[in-house]
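As a plain string of letters, each chain reads:
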Amino acid sequence: MDAKNKRNIILLGHTQSGKTTLAESLLYFCKATTRKGKVEDGSTVSDYSFDEIERKSSINLSLLFCDYQGYRIQIVDTPGYADFCAEIVAGLRAVDAAVLVIDASSGVQVGTETAWQVLEEAGVPCMIFINKMDKAGQVNNILAELKSSLSKNCVIIQSLEDPLLMEAIAESDDKLLEKYLEVLKLSVDEIKTGLAQAVNKRRLFPVLAGSALTDNGIKDLLDDILQYLPSPLDRAPVVYTDPLKPEKDEQLVLKEDAPLSAFVFKNISDPYVGQLALLRVFSGKLVSGTSFYNVTKKTKEKFGQIFMLQGKEQKAVDLASCGDIIAIAKLKDTGLGDSLSAEQHPFLLKPMVFPEAEISASVKSKSREDEEKLSQALHKLVAEDPTFKVTHDAQTKELIISGLGDLHLNVMIGRMKKRFGVVVELGTPKVSYKETISKSLKVQGKFKRQSGGRGQYGDCWLEVAPLERGKGIEFVDKIFGGAIPRNFIPSVEKGVRQVITEGAVAGYPIEDIKITLVDGSYHEVDSSDMAFQIAGAMALRKAVSEAGPVLLEPIMDVEISVPEEFLGAISGDMNSRRGRIIGMEIKGKNQTIKAQAPLSEMFKYANDLRSITAGRGFYTMHLSHYEEMPHKSAATIINQYQATKKHEEV
Ligand SMILES: Nc1nc2c(ncn2[C@@H]2O[C@H](COP(=O)(O)OP(=O)(O)OP(=O)(O)O)[C@@H](O)[C@H]2O)c(=O)[nH]1
Ligand SMILES: [Mg+2]
């Protein structure tokens, strides 16, 4: 298939807006399937995994394709729920354009706006499909809402003769505008190419309406995807660097007859599909059973069969070329985010940036035998999902899992049970506090062992001072005249940095502190790297405990969208969580409340919001900044930590 006849689109939108159903409808319409599945019955091509079927909602991105009028359309269906937004980050790297799905009965929702923002940042052209028109909604009302909340450049394409539309297209291009002003008309061809160009440059966003349930408007959507969304050749430039000249950004030549450039945007290890790397080929071609050069890892790797995916079904293909989205099984060295090319022409593509895990919980296997299985299961889940993290807390000896939200962690627990047979208990989520100081101080750290055998001697003086919030760590060496020999200064710093990561009073990393090494002493024979490391660590521990230690807690930006009648209840509830309301805005049918609240008070928010609003509220939550926590709560945490430590030492 010629690359100009390919279209790669991602489906985005608020959860339950109908993306998966729309994908099903597109496949059925193009005869890629013989019957149309339903999300309710768990019979869609896209939502094939057990947890998606159970929840009747997408969790992972899935790849689908259909052929229409000599074109190949590859579709990436994504989950709308914010906890799984990593799938959108990944999916966007596979496609050239997007279709944003809106539920006509709800209009613009939180998930619509998040998706819109992501598209804006990534610069991806977009078409909008107002779905569920069988149920409710007036296209014109929703169009007005799209114009006010997303972009005034959202345009309905009902007829190409529509003077409104014509004007918008003319305004997106100087040449067309000149002609339009002269004769007040554009030819159909000019309108079509003008619109395609405007869409590609994100100057216009065509809006269509229909119903995925009754297949209304599906043909128009397909026709417009072919007509107005860019092919892999016309898409926005793909930037790469040559590993030998990493300081300079270059643009890939996007064509089949060019050196290979491909990118691994996702890893899957699923009992249904096995171990798969999902790749987008940007230029050149890949032939099954050959090898590629992994530019990121600097290794050459042989691989077997190339597949195209239709949900969980794998279709073997001999060749993949410019524009294709494919899967390769069982790669050994190649992983998520790797760039692949030919050894003579290495193209290093930009890495993906995933949101940070924000919510944590401790996990424990129910039985001893499961312990080994638990760590293997976690290892596999981490490899698949870049927003799922596992850490071992040396202090509490707890295994901590972190993710983007309650639902995310619950899905992972479900997978551990179903896929790996490991049953775990979840502990209360742990907040990552930070330690800092509130006053300046000068302290000595002296480590001296000089009885029998080789002695140890290290001695340093540190001045510590608080820094403004968000300034991090500053380490300054002010040793003059050899009070500490130069080769031991890095040793002191190493000891200091060790305490910075481990914490001094409560087991949390230290932040916003300036540490100046001002003085010290040494011993000709007994001083060593180790002795100075210990001295540095002792000094900082002492300094932090004596310089008015305080704990910083994560404060979250929370955006809550609820029908108006719940406003009072939501504000009251926020107050009880030490939260503060920052602003309110009417968006469509809903009120959007912006607030800030400490993470420690927000753990059960998903559940609480659901019960306050009878399931009609939505929220998103991101880390905003760290703030000093109330003294009393901080003291409790510090005392608890000191008590456990004493207990362990005994
Ligand atoms: N009436 C009506 N219902 C629809 C339409 N499209 C989808 N639905 C229903 O809306 C619900 C959600 O549909 P999905 O296709 O799962 O929505 P989604 O956007 O994929 O949801 P997430 O995967 O959670 O992001 C299901 O019950 C569908 O049957 C439509 O055009 N009309
Ligand atoms: Mg879905």
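Up top is the structure.
A short tour of the structure in this document, coming up. Predicted model only: the values in this text are computed from it and were never measured.

### Regarding the coordination of the magnesium ion (ligand 2)
Now for step 1: Taken together, the protein ligands of the magnesium ion (ligand 2) are Thr20 (OG1) and Ser58 (OG), with distances of 2.0 Å. Note that Thr20 is positioned in helix H1 (residues 19-29) and Ser58 in the loop between helix H2 (50-55) and strand E2 (62-68), a separation of 38 residues in sequence. Side by side, Thr20 and Ser58 carry an identical accessibility label, which is buried.

### As for the site of ligand 1
Now for step 1: The full set close to ligand 1 counts 21 residues, and Thr15, Thr21, Glu40, Ser57 and Asp134 are the nearest of them.
Now for step 2: Between ligand 1 and Ser17 there is a distance of 3.2 Å, counted from an oxygen atom to a backbone nitrogen or oxygen.
Now for step 3: Within the side chain of Lys132, a nitrogen or oxygen atom sits 3.1 Å from an oxygen atom of ligand 1.
Now for step 4: Coverage of ligand 1 by the protein chains reaches 92% of its 650 Å² of free accessible surface.
Now for step 5: A total of three residues in the shell around ligand 1 trace back to one element, the largest contributor, which is H1.

### Observations regarding the side chain of Thr112
Now for step 1: Among the secondary structure elements, Thr112 is positioned in helix H4 (residues 110-122).
Now for step 2: Only 2.8 Å separates the side chain of Thr112 from the backbone nitrogen of Gln109, close enough to count as a polar contact.
Now for step 3: Ignoring sequence-local partners within four residues, the contact set of Thr112 consists of His14, Leu100, Ile102, Gly107 and Leu150.

### Quick word on helix H13 (residues 529-546)
Now for step 1: If you check H13, its first and last C-alpha atoms are 26 Å apart, about what 18 residues at 1.5 Å a residue would give, namely 26 Å.
Now for step 2: Buried within H13 are the following residues: Ala531, Phe532, Gln533, Ala535, Gly536, Ala537, Ala539, Leu540, Ala543 and Val544.
Now for step 3: Elements in contact with the buried residues of H13: strand E25 (434-437), strand E26 (441-449), strand E27 (456-466), helix H12 (489-502), strand E29 (513-521) and strand E30 (549-563).
Now for step 4: Downstream of H13 by a residue or two, Gly548 has a phi angle that is positive, lying close to 60°.

### Overview of the sheet that holds strand E6 (residues 154-156)
Now for step 1: Taken in spatial order, the seven strands of this open sheet run E2-E3-E1-E4-E5-E7-E6, and their pairing is mixed. One side of each edge strand has no neighbouring strand; the edge strands of this open sheet are E2 and E6. Sheet twist, expressed as the mean angle between neighbouring strand axes with direction ignored, is 30°.
Now for step 2: Packing of H4 onto the sheet brings it into contact with strand E1 (6-13), strand E4 (97-103), strand E5 (126-131) and strand E7 (205-209), and relative to E4 it is tilted by some 165°.

### Re the sheet that holds strand E14 (residues 299-302)
Now for step 1: In spatial order, the strands read E14-E13-E19-E10-E11-E18-E15-E16; together these eight strands make up an open sheet with antiparallel pairing. Edge positions in the sheet fall to E14 and strand E16 (313-317), since each of these pairs with one other strand and no more. Averaged over all pairs of adjacent strands, the angle between strand axes in this sheet comes to 40°, irrespective of strand direction.
Now for step 2: Pairing of strand E15 (residues 306-310) with strand E18 (residues 325-329), which is carried by two bridges, proceeds in the antiparallel orientation. Along E18, the bridge assignment pairs Ile306 with Ile328.

### Considerations on the side chain of Asp47
Now for step 1: Position of Asp47 relative to the elements: it lies in the loop between H1 and H2.
Now for step 2: At 8.9 Å, Lys19 is the nearest oppositely charged side chain to Asp47, a buried residue that forms no salt bridge.
Now for step 3: At a separation of 2.7 Å, a polar atom in the side chain of Asp47 contacts the side chain of Ser58.
Now for step 4: Apart from the residues within four sequence positions on either side, Asp47 is in contact with Thr20, Val39, Glu52, Ile53, Ser57, Ser58 and Asp77.

### Examining the pattern of salt bridges
Charged atoms that come close allow side chains of opposite charge to pair.
Now for step 1: Following the criterion strictly, the structure yields 27 salt bridges and no others.
Now for step 2: Lys266 is the salt-bridge partner of Glu87, the closest N and O atoms lying 3.2 Å from each other. Taken together, the positions of Glu87 in helix H3 (residues 86-92) and Lys266 in strand E10 (residues 261-270) put the pair 179 residues apart, joining distant regions of the chain.
Now for step 3: Glu87 sits in the buried class, given a relative accessible area of 6%.

### A short note on the nonpolar core
Now for step 1: In this structure, Ile484, Ile515, Leu517, Leu540 and Ile560 are the most contacted members of the largest nonpolar core, which totals 73 residues.
Now for step 2: Here this core gets eight residues from one element, more than from any other, and that element is H13.
Now for step 3: In this structure, Ile560 is in contact with Ile570, Met574, Gln591, Thr592, Ile593, Tyr605, Leu609, Phe618 and Tyr619, ignoring residues within four places of it in sequence.
Now for step 4: Ala86, Ile102, Trp116 and Leu146 belong to the second-largest nonpolar core, a separate cluster that totals 52 residues.

### A look at the packing of aromatic side chains
Now for step 1: The tally for this structure, following the rule as stated, stands at seven aromatic pairs.
Now for step 2: The ring of Phe263 is capped by Arg93, whose NZ or CZ atom sits 4.1 Å from the centre of that ring.
Now for step 3: Seen from the ring of Trp461, Lys442 lies directly overhead, with NZ or CZ sitting 5.6 Å from the centre.

Here is what the cut-offs are and how they apply
Residues numbered from 1 in each chain as written. Chains lettered and ligands numbered in written order. Predicted model: local features only at pLDDT ≥ 70, side-chain atom pairs only at ≥ 80, totals over all residues. Heavy atoms only, no water. Donors = N, O, S within 2.8 Å, 3.2 Å for Na, K, Ca; no water. Helix = DSSP H or I, 4+ residues; strand = E, 2+ residues; numbered from the N terminus. Buried < 20%, exposed > 50% of the residue type's maximum accessible area, 1.4 Å probe, protein only. Near = heavy atom within 4 Å. Polar contact = N/O pair within 3.5 Å; in protein donor to acceptor, adjacent residues only side chain to side chain. Areas by Shrake-Rupley, 256 points an atom, 1.4 Å probe, with all protein chains shown as cover. Contact = heavy atoms within 4.5 Å. Expected span 1.5 Å × (residues − 1). Pairing = 2+ DSSP bridges. Axes fitted to C-alpha atoms, helices over the stretch in contact; angles between N-to-C directions. Lys, Arg positive; Asp, Glu negative; His and termini not counted. Salt bridge = Lys/Arg side-chain N within 4 Å of Asp/Glu carboxyl O. Core = buried A, V, L, I, M, F, W, Y, C linked by side-chain atoms within 4.5 Å. Phe/Tyr/Trp six-rings, centres within 6.5 Å; stacked < 30°, edge-to-face > 60°. Lys NZ or Arg CZ within 6 Å of the ring centre and 35° of its normal.

So far we have only geometry, and geometry alone does not tell us how the molecule works.
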